[in-house]
Amino acid sequence: LTMVVTPVMVVAAGGSLFGIPTAAVGEVAKVPAGAIRRLKSAEGFVLRGVTVPLVRLAKRLGLPESAVAAEVTVLVLRLDGEPVGLVVDRIVERLDAVLKPLTGVLAGLRGYAGTTELGDGRLVPVINLRELL
């Protein structure tokens with residue numbers, strides 16, 4: 001059995017919980033819905049003079065999206081030096097998680113680094129951001 005302890009941010013999206021490795025999170029921003037612009041089939045917003053493309057976690061995972069809100073919670077990620085905004089419904093908590101790899105039929109599932117267990121016994125899949133985005 002292989003396990004890794006990694007700091008994660010537990011977020012809610014599409015009615016489910018997911019873990020996001022905090023090493024990739026540069027900052028958390030509350031973005032007014034009016035500041036989000038559509039660019040052809042993509043979305044983005046301007047943060048301190050830099051255009052940040054947006055990815056909605058629920059949509060990317062094929063989950064139901066939440067109702068339109070006055071502002072959205074965005075995790076500003078740094079992938080290969082470029083900012084990417086990941087829209088989530090809310091941030092639940094931050095924790096040092098024991099990351100267990102996916103096994104069996106789930107081992108080949110792309111987009112997930114493994115799972116962790118919350119204190120209340122719920123299992124939370126941890127996102128592999130490079131594969132997902």
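Scroll up to find the structure this text is about.
Conventions we followed
- Residues numbered from 1 in each chain as written.
- Predicted model: local features only at pLDDT ≥ 70, side-chain atom pairs only at ≥ 80, totals over all residues.
- Heavy atoms only, no water.
- Helix = DSSP H or I, 4+ residues; strand = E, 2+ residues; numbered from the N terminus.
- Rg over C-alpha atoms; globule rule 2.2 N^0.38 Å.
- Buried < 20%, exposed > 50% of the residue type's maximum accessible area, 1.4 Å probe, protein only.
- Areas by Shrake-Rupley, 256 points an atom, 1.4 Å probe, with all protein chains shown as cover.
- Lys, Arg positive; Asp, Glu negative; His and termini not counted.
- Charge placed at Lys NZ, Arg CZ, Asp CG, Glu CD.
- Core = buried A, V, L, I, M, F, W, Y, C linked by side-chain atoms within 4.5 Å.
- Contact = heavy atoms within 4.5 Å.

A. Inspection of the overall build of the chain at higher detail. Regarding its fold elements, the chain presents two helices and 11 strands. Along the chain, from the amino end to the carboxyl end, the secondary structure elements read β-β-β-β-β-β-α-β-β-β-β-β-α. The C-alpha radius of gyration computed for the chain amounts to 15 Å, which stays within 12% of the reference 14 Å derived for 133 residues, consistent with globular compactness. Overall, the chain is about 45 × 30 × 25 Å in size when its C-alpha atoms are taken along their principal axes. Among the 133 residues that make up the chain, the fraction classed as buried is 40%. Accessible area for the chain stands at about 7,700 Å²; split by element, carbon and sulfur atoms hold 54% of it. If you average the places of the 15 positive and of the 12 negative side-chain charges in the chain, the two averages end up 6 Å apart.

B. Examining the nonpolar core more closely. Residues Val-11, Ile-20, Leu-57, Leu-75, Leu-86 and Leu-129 are the most contacted members of the largest nonpolar core, which totals 19 residues. Sorting the residues of this core by element identifies strand E1 (4-13), strand E2 (16-21), helix H1 (57-60), strand E7 (71-79), strand E8 (82-88) and helix H2 (129-132) as the ones contributing at least two each. Leave out the neighbours within four places in its chain, and Val-11 touches Ser-16, Leu-17, Phe-18, Ile-20, Leu-57, Leu-75, Val-88, Arg-90, Ile-91 and Val-92. Ranked by size, the runner-up nonpolar core spans 11 residues in total, among them Leu-47, Leu-54, Val-74 and Val-76.

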